[in-house]
Structure formats: C-alpha cells, structure tokens
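Structural description and commentary
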Amino acid sequence: MKILLLGGTGAMGCPLAKILSEKGNDVYITSRQSNKNDGSIVYLKGDARNFDFLSKLLVNRWDAIIDFMNYGTFEFECRYRKLLNSTDHYLFLSSARVYADSKTPITEKSSRLLDVSNDYTFLSTDEYALHKAREENMLLESKCKNYTIIRPYITYSNIRLQLGVLEKEQWLYRLLQNRTILFSNDISRHYTTMTYANDVAYCISMLINNKSAYGEIYNIVTEQSVMWQDILSIYCNVYKEHFNKEAKVMMLNNSLRLKDKMGQYQVIYDRYYDRHFDNSKIKAVVGDYKFTDVEYGLSLCLKEFVSNPIFRKISMDDEKIRNEITNEKLNLSEIYGRREKVKYVLQSLFGIK
C-alpha cells in the first residue's frame with residue numbers, strides 16, 4: 001500500500017512508519033525538517049498545515065492517510081473533505097482529552113466535554129479538547145464513511161516523557177542540569193493512563209484499511225492506571241540508578257499552569273480527573289496483544305533518553321521563573337548568544353531588564 005503520514009515524525013509516527021515499512025508498504029512522511037529516506041520510508045519536506053503544500057500532496061490518491069496534525073477547528077473544516085476524498089481510508093488522530101470526568105472506566109461512548117460542559121468561557125475557546133471534538137463531529141456528520149477516529153491518551157517514548165502537564169523540556173531538563181523539579185500536589189494525587197507509543201502504533205497499523213474500522217472510534221490506551229506521584233517515583237528511581245544520586249523535587253500546592261489563560265484548561269479539565277479506560281474495543285481488533293507495563297516502559301524509555309539526551313528548544317524565560325521559586329540559577333552555557341548572556345548577568349546582579 002501507499003500510505004501517507006501527516007506529521008508522522010513524533011512519538012507515535014516513528015514506530016508506526018517502521019511497522020508499516022516492515023509489512024511491505026511504501027510510507028511517505030511529511031516533516032518540516034530534512035530527513036534521510038530509509039528504504040521504503042520517504043520523507044516529504046514541508047509543513048502539512050500549509051494548505052498549498054497539503055493540496056499538492058492530495059492530488060495523488062493514497063491507500064491510507066494517518067493524520068497526526070493538530071489543526072484548529074477552522075483549519076480542519078477547510079481540509080477534511082479534501083482529505084477524505086484523497087484516500088481509501090483516513091485515520092484521524094483525535095484525543096481522549098475530549099472526555100469529560102467519569103466515575104466508571106471510559107469507553108468510546110462516554111460523555112465528551114464539548115457535549116456536557118457548562119463552562120461557557122471554556123466552550124467559547126478552541127482549546128485542544130474542544131477542537132478535537134468539533135473536528136470529530138465534522139467526520140461523524142459527513143456523508144463519507146472511509147474514516148476512523150483514534151483517541152489515544154498520554155503516550156510516551158524515548159523522545160516524549162511527560163509529568164503531569166510538563167513535557168520533558170520542563171522537568172527532565174532541569175533534573176539533568178542538577179536543578180529541582182517543580183511538580184504539584186493537586187495533580188500528583190490523581191490517576192492517569194500512560195501508553196507506550198509503540199503499542200499505540202501497532203494498534204493503528206491493525207486498523208489501516210480494516211473495513212470493520214470504517215466510521216468507528218477507538219480508544220487506543222492501556223487499561224493500566226497509576227497515580228502521577230507514582231510516575232514521578234519511577235522517574236526518580238531511574239535517575240538514582242543511572243546517576244547514583246537523589247533527584248531534587250519541590251512539590252507546590254497548585255500547578256503553575258493554572259496561571260496560564262489557556263493552559264489552565266488542561267489541568268482543570270483533564271489532569272484533575274482520575275483517568276481509567278476500558279480498551280476492550282481495540283483489544284477486539286488486536287487480539288491477545290499485551291500492552292507494555294507502565295513502570296517497565298517508562299523506565300526503559302527514560303534510560304534510553306538519558307544515555308543520549310536531545311531536547312527541543314528550552315524556554316529560558318520559563319527556567320528563570322522556576323529558578324526564582326527554587327532559588328537556583330542558570331548556567332551561562334545554557335544561554336545562547338553573547339547579548340543574552342550579558343542581559344542575564346545584568347538581571348541577576350542588578351535587576352536590570
């Protein structure tokens with residue numbers, strides 16, 4: 001098959017491309033960065049959010065398109081018909097963030113925030129959980145049935161390791177710089193579900209051009225739930241084993257993300273919920289496939305990362321805010337550019353901005 005992965009260079013896309021290639025498919029992946037082709041895996045340089053770039057790709061007919069892009073609602077409205085018409089099977093990566101709080105394990109039929117929330121300020125935004133649900137509606141209400149909606153939850157790999165609402169650039173970077181991790185009690189006591197990206201990729205591969213999956217929704221998640229404080233303990237244990245020293249952690253009462261106008265919603269309408277999932281629907285497709293144990297998987301991925309740590313861009317402004325709380329300092333080697341180094345020194349010594 002000829003398969004297109006839009007934005008497929010992330011935690012889920014990389015293992016999926018490998019799986020599909022090993023099955024004998026020709027895999028094409030869009031990326032804003034230059035990448036070296038690898039056998040039947042071909043990289044197409046460009047931004048899949050750019051309408052002109054996408055339109056040129058969709059002149060061709062694809063056996064399947066797996067869409068990892070994070071569109072705003074209006075962006076998706078301008079694209080989804082073209083996407084559906086250009087492939088035999090369109091797989092849309094939504095998110096289990098769409099779900100409202102639930103006292104029972106979440107199934108594909110559980111209530112979504114978009115449908116049950118009474119927070120009209122929240123509903124007036126195009127926050128992630130809302131725009132994914134709105135985009136789902138466009139597919140569900142379309143006359144086409146050649147789509148599948150996939151709702152993964154928090155996925156991890158050796159390139160993505162989350163802690164609450166923090167990406168690795170916001171906690172693991174500090175740890176490897178021998179600074180203090182800032183976490184919060186309000187999130188740490190809640191249950192979450194973290195699924196190994198390779199497991200999600202395998203499940204997606206089993207849905208591609210599977211006629212029984214057309215017009216369907218699947219939660220691709222492990223059934224295992226753990227508390228965020230236990231996730232932190234797993235990370236700290238690996239750090240101690242690797243570096244032979246204790247991780248420094250400061251627990252705040254409340255997440256700093258609550259001060260962010262949009263970021264607060266990820267805390268309030270997700271991380272404050274205890275997330276337990278029923279994954280029986282996807283298990284009916286993949287049979288006796290066993291999802292990776294969370295402690296084993298996270299430990300393995302963190303060990304792989306610290307052996308060759310590569311971070312995305314670090315926000316030095318955010319680091320300064322955290323350092324003010326922990327009473328720590330940046331190393332000058334972390335700051336890029338002579339002008340920025342001088343600026344930081346003046347701020348540190350004299351409070352000059």
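Residues numbered from 1 in each chain as written. Predicted model: local features only at pLDDT ≥ 70, side-chain atom pairs only at ≥ 80, totals over all residues. Heavy atoms only, no water.

On to helix α14 (residues 316–326). Within α14, burial applies to Met 316, Glu 319, Arg 322, Asn 323 and Thr 326. In a view along the axis of α14, the buried residues occupy a sector of 115 degrees, so they form one face of it. Exposed positions of α14 whose direction lies more than 90 degrees from the buried face are Asp 317 and Glu 324. In this structure, the buried side of α14 is in contact with α7 (168–176), β8 (181–184) and β13 (249–252). Of the residues flanking the end of α14, it is Asn 327, one or two places downstream, whose phi is positive at about 60 degrees. (Buried < 20%, exposed > 50% of the residue type's maximum accessible area, 1.4 Å probe, protein only. Helix = DSSP H or I, 4+ residues; strand = E, 2+ residues; numbered from the N terminus. Arc of directions from axis to C-beta. Contact = heavy atoms within 4.5 Å.)

Glancing now at helix α6 (residues 128–140). Between its first and last C-alpha atoms α6 spans 18 Å; for 13 residues at 1.5 Å apiece the expected length is 18 Å, and the two agree. Extensive coverage of α6 is indicated by the burial of 10 of its 13 residues. Residues of α6 that are buried: Ala 129, Leu 130, His 131, Lys 132, Ala 133, Glu 135, Glu 136, Asn 137, Met 138 and Leu 139. The inward-facing, buried residues of α6 abut α3 (73–85), β5 (90–93), α4 (113–116), α5 (120–123) and β6 (147–152). With a side-chain oxygen lying 2.9 Å from the backbone nitrogen of Ala 129, the N-terminal cap of α6 falls on Glu 127. (Expected span 1.5 Å × (residues − 1). Polar contact = N/O pair within 3.5 Å; in protein donor to acceptor, adjacent residues only side chain to side chain.)

Where burial is concerned, the two faces of strand β4 (residues 64–67) agree: the one with Ala 64 and Ile 66 and the one with Ile 65 and Asp 67 are both buried. Here four bridges tie strand β1 (residues 2–6) to β4, and the two strands are oriented parallel to one another. Residue pairing across strands places Ile 3 opposite Ala 64, the latter belonging to β4. The sheet contact formed by β4 and β5 spans three bridges and is parallel. Looking at β5, one finds that Asp 67 is bridged to Phe 92. (Pairing = 2+ DSSP bridges.)

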